[in-house]
Each structure stands twice: as C-alpha cells, then as structure tokens.
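If you want the building blocks of each chain, they are given just below.
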Amino acid sequence: SEAVEEYSQRSSSSGYARSASAKGGIDIAEVDSEGKFIKLENTTSKDIALGSWVLEHKAGEQETTFKFHRSLVIKSGKTATVWSSDTETTHNPPVDLVMKGKRWFVADEMTTTLQDTDDVEVATCTMSKSSLRSVSSYSSRRSGRGGSGDEVDARDDKNCVIM
C-alpha cells in the first residue's frame, strides 16, 4: 500500500503599496490606511512655516482638503499630524491638529498632496491597495507494506502523523 502526505498553506494579507516624493523639506511621512491621520515631517535643519498651505487627500471619488493656520510652523526634524475629526485626539498645535467636521477618506487608491501658498506641489504620496499572497505546499509519497499506522485519511485535515 502507499501512504500519501500533503501539506499546503495559503495566506494573504492586504496592505498598501506606497510611493512618495517631496521637494522643499516637508515629507508626507505617513498616511493612515484607516483614515485617522496624515503625518508631515520637516526633514531639514530649518523651521518651516506652513501658514496657508493646503493638504489635499483624494480617496477614490472623495476628497478632503485642510488649510493650515497662518501661524503654523513645523520645527526642524519634527512632525505635525493632521487628525480626522472623528478620532479622540486632542487638538494640540503645532504637533497634533484636529480637523473640524472633516475626516480623511479611505479607498483602494489614495493620493495626498501638500501645496504651498503659490499652489506649488511640495510633497505627494500615493497609496494603492495591494494583496500579498504566499502559498507553500509539501507532498511526499512513500511505498511500503500496509499497516494501520501508515495510512492517513486525506479527507480529514485534523490528522497528525509522527514517524
């Protein structure tokens, strides 16, 4: 008789493929995939004033814009996070900024841009939903004399055989 062992595993996880670019020292460091926040980072050695700059986020057909307060400055090497109004975050400028009555939308394709007072694009971040799958399988065939310990019912995946 012949005993056959098979092992297979399938796993898939969903995430976002991200691509970003920046010129002028402010990066879009993080766009939360659940729409809770967008984090900006000053990557320069100088403080940068973001007064009247606009953060625009497009998710599918939906769009959210946020205009920074005229006095907002991000210190050198520091971050500023713009939060959706439906989070329980406390408004604490210049580190945590909570939008009033607005939220960042979520979709399979999302584009976030930061524009300065001259409507020049300073930073952009694009996120696309991606699905990662990994499949592994193991199979071995063994010939030998039939015995009760050698046979495994392949229909019952709860069996475990130690040899």
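Above this note sits the structure.
Residues numbered from 1 in each chain as written. Predicted model: local features only at pLDDT ≥ 70, side-chain atom pairs only at ≥ 80, totals over all residues. Heavy atoms only, no water.

Undergrad: So what's going on with the pairing of strand E6 (residues 62-67)? Which residues, and what values?
TA: Taken together, the six bridges between strand E5 (residues 54-59) and E6 define a ladder with antiparallel strand orientation. Each bridged residue has a counterpart across the sheet, and for Ala59 the counterpart in E6 is Gln62. What sits between E5 and E6 in their antiparallel hairpin is a turn of two residues, with Gly60 showing a positive phi close to 60°. (Pairing = 2+ DSSP bridges. Helix = DSSP H or I, 4+ residues; strand = E, 2+ residues; numbered from the N terminus.)

Undergrad: Residues and numbers for the nonpolar core, please.
TA: Core analysis: the biggest nonpolar cluster contains 26 residues, and Leu40, Leu50, Leu55 and Phe68 have the highest contact counts within it. Mapped by element, the contributors of at least two residues to this core are strand E2 (26-31), strand E3 (37-42), E5, strand E8 (79-83), strand E10 (109-115) and strand E11 (121-143). With four residues, E11 is the largest single contributor of residues to this core. Discounting chain neighbours no more than four positions away, the residues touching Phe68 are Leu40, Leu50, Gly51, Ser52, Trp53, Val54, Leu55, Val82, Leu97 and Leu114. (Core = buried A, V, L, I, M, F, W, Y, C linked by side-chain atoms within 4.5 Å. Buried < 20%, exposed > 50% of the residue type's maximum accessible area, 1.4 Å probe, protein only. Contact = heavy atoms within 4.5 Å.)

Undergrad: Give me the lowdown on the environment of Thr44, citing residues and values where you can.
TA: For Thr44, the position within the fold is in the loop between E3 and strand E4 (48-49). As a C-alpha pair, Thr44 and Ser76 span 32 residues in sequence and 5.7 Å in three-dimensional space. Look past the residues within four positions of Thr44 in its chain and what remains in contact with it is Gly25, Ser76 and Gly77. At 2.9 Å, the side chain of Thr44 and the backbone oxygen of Lys46 are in polar contact. (Polar contact = N/O pair within 3.5 Å; in protein donor to acceptor, adjacent residues only side chain to side chain.)

Undergrad: How would you sum up the pattern of salt bridges? Please name residues and give values.
TA: Scanning the model with the defined rule gives four salt bridges in all. The salt bridge involving Glu34 is made with Lys36; its shortest N-O contact spans 3.1 Å. With a relative accessible area of 51%, Glu34 lands in the exposed category. By relative accessible area, which is 39% here, Lys36 ends up partly exposed. (Salt bridge = Lys/Arg side-chain N within 4 Å of Asp/Glu carboxyl O.)

Undergrad: Give me the layout of surface pockets: which residues, what numbers.
TA: The computed volume of the second largest pocket comes to approximately 290 Å³. If you trace the second largest pocket, you find 13 residues lining it, with Phe66, Lys67, His69, His91 and Val98 closest to the centre. When contributions to the lining of the second largest pocket are tallied by element, the ones reaching two or more residues are E6 and strand E9 (96-98). Looking at side-chain class alone, the lining of the second largest pocket contains seven nonpolar, three polar and three charged residues. (1 Å grid on protein atoms, 1.4 Å probe; cavity = no way out; pocket = protein on both sides within 12 Å on 5 of 7 lines; lining within 4 Å. Points joined across faces, edges and corners; volume = space filled by probe spheres on them. Nonpolar A, V, L, I, M, F, W, Y, C, P; charged D, E, K, R; others polar.)

Undergrad: Please give an account of the sheet that holds E8 that cites residues and values.
TA: The mixed open sheet is built from four strands, whose spatial order is E2-E3-E8-E9. The sheet terminates laterally at E2 and E9, the two strands that pair on one side only. Taken pair by pair, the neighbouring strands of this sheet meet at an average axis angle of 20°, ignoring direction. Here E3 pairs with E8 via five bridges, running antiparallel. Note on E8: the bridge partner recorded for Leu40 is Ala80. (Axes fitted to C-alpha atoms, helices over the stretch in contact; angles between N-to-C directions.)

Undergrad: Go over unusual backbone geometry with me, naming the residues and quoting the values.
TA: Going from Pro93 to Pro94, the amide bond is cis rather than trans, its omega being 0°. If you check the backbone angles, Ser52 has positive phi at about 70° while not being a glycine. One non-glycine residue, Asp119, lies in positive phi territory at about 60°. Along the chain, Asp119 falls in the loop between E10 and E11.

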